Structures are given as structure tokens and as C-alpha cells.
Amino acid sequence: QLGQPTESIIIPKGTFFQSTGGNWIFVLDKDGKKAYRRKIRIGRQNPQYYEVTSGLHAGEMVITSSYDMFGDAEEIILN
């Protein structure tokens, strides 16, 4: 929980935050073969999760691991 119960989109905390400051995240396409950089806004947080207040839709998959090896890429092709 993140305080008062509300309907929210939450993502697990991950090391992506060190690279992005929580301003953007890589979102996978429907096939899971590519990921695209997208702006997000993070609201509340607890030790395990971030609340995403804009930029994501329910059910979308994201990459929360480190982005160090991605550089300034706007798109990632996954194998």
C-alpha cells in the first residue's frame, strides 16, 4: 500500500530510476520484441513500488533494471 487506498498503476522499484530520475521508462511493445522510451510521472512510493501517475496504461510491461548499457537510446530491440 502507498497510504490511502486508491486505484493506481504501480511498478516495482528498480535501478532504472538512477538513470532516469523517474522521468521516463522503457515500455515494451505488444510482442515484447522492442521497448520504447516514454515519459512518465511518478507520484507516491514505498520501499517496494512507485506509483505512476501519468505515462503508463494498466497492463503495459516495462523494464525496471539498470539502463546503464542503453546509453541515450530511444528504442531497444530485444531478442
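Residues numbered from 1 in each chain as written. Predicted model: local features only at pLDDT ≥ 70, side-chain atom pairs only at ≥ 80, totals over all residues. Heavy atoms only, no water.

Describing the overall build of the protein chain
This is how it is decided: Segments assigned H or I by DSSP are reported as helices when at least four residues long, segments assigned E as strands when at least two residues long, and all are numbered from the N terminus. Two things to know: the radius of gyration comes from C-alpha atoms, and the globule rule equals 2.2 Å times the number of residues to the power 0.38. The buried label goes to any residue with under 20% of its type's maximum accessible area, the exposed label to any with over 50%, and the partly exposed label to all in between, with areas taken from a 1.4 Å probe on protein chains only. The contact rule is simple, with two residues in contact once any of their heavy atoms fall within 4.5 Å. Accessible surface area values rest on a Shrake-Rupley calculation with a 1.4 Å probe, where residue burial reflects the displayed protein chains alone.
A count of helices and strands for the protein chain gives 1 helix and 7 strands. For the protein chain, the N- to C-terminal ordering of α and β elements is β-α-β-β-β-β-β-β. The C-alpha atoms of the protein chain give a radius of gyration of 13 Å, which matches the 12 Å a tight globule of 79 residues would have. Principal-axis analysis of the C-alpha atoms places the extent of the protein chain at approximately 40 × 25 × 20 Å. Split into buried and exposed, the 79 residues of the protein chain put 27% on the buried side. Here the analysis covers contacts within the protein chain between residues at least 6 apart in sequence; of these, 64% occur between residues at least 24 apart. Roughly 5,500 Å² of accessible area belongs to the protein chain as shown, and the carbon and sulfur atoms make up 50% of that amount.

Observations regarding the sheet that holds strand β3 (residues 34–39)
Sheets are built from strands paired through backbone hydrogen bonds, the pairs being either parallel or antiparallel. Quick note on the threshold: When DSSP locates at least two bridges between a pair of strands, those strands are taken to pair.
Pairing in this open sheet of 4 strands is antiparallel, and the strands run β6-β2-β3-β7 from one edge to the other. Lying at the two open borders of the sheet, with one neighbouring strand each, are β6 (62–63) and β7 (75–77). In the sheet, strand β2 (residues 24–28) pairs with β3 via 5 bridges, with the strands oriented antiparallel. Bridging from a neighbouring strand, phenylalanine 26 pairs with arginine 37 of β3.

Some remarks on the sheet that holds strand β1 (residues 9–12)
This is how the line gets drawn: Axes here refer to lines fitted to C-alpha atoms; in helices the fit is confined to the stretch in contact. Angles between the N-to-C directions go from 0 to 180 degrees.
Ordered by their spatial adjacency, 3 strands build an open sheet running β1-β5-β4, and the pairing between neighbours is antiparallel. Looking at strand neighbours, the two that pair on one side only are β1 and β4 (41–45), the edges of this open sheet. Between one strand axis and the next, the sheet turns by 40° as a mean value, whatever way the strands run. In the sheet, β4 pairs with strand β5 (residues 49–54) via 3 bridges, with the strands oriented antiparallel. For isoleucine 42, the partnering residue across the bridge sits in β5 and is valine 52.

Description of the environment of threonine 64
Looking at where threonine 64 falls in the secondary structure, it is placed in the loop between β6 and β7. The spacing of threonine 64 and proline 47 is 17 residues in sequence and 15 Å in space, taken between C-alpha atoms.

Things to note about the pattern of salt bridges
Between side chains of opposite charge, a pair can form when the charged atoms approach closely. Put simply, the test is: Just to be clear on terms, a salt bridge is a Lys or Arg side-chain nitrogen sitting within 4 Å of an Asp or Glu carboxyl oxygen.
The full count for this structure, using the stated rule, is 4 salt bridges. Residue glutamate 75 pairs with lysine 34 through a salt bridge whose shortest N-O separation is 3.7 Å. With glutamate 75 in strand β7 and lysine 34 in strand β3, this residue pair connects regions lying 41 residues apart in the sequence. With relative accessibility at 30%, the residue lysine 34 sits in the partly exposed group. In this structure, the salt-bridge partner of arginine 44 is glutamate 51, at a minimum N-O distance of 3.1 Å. Under the relative-accessibility criterion, arginine 44 is labelled partly exposed at 30%.

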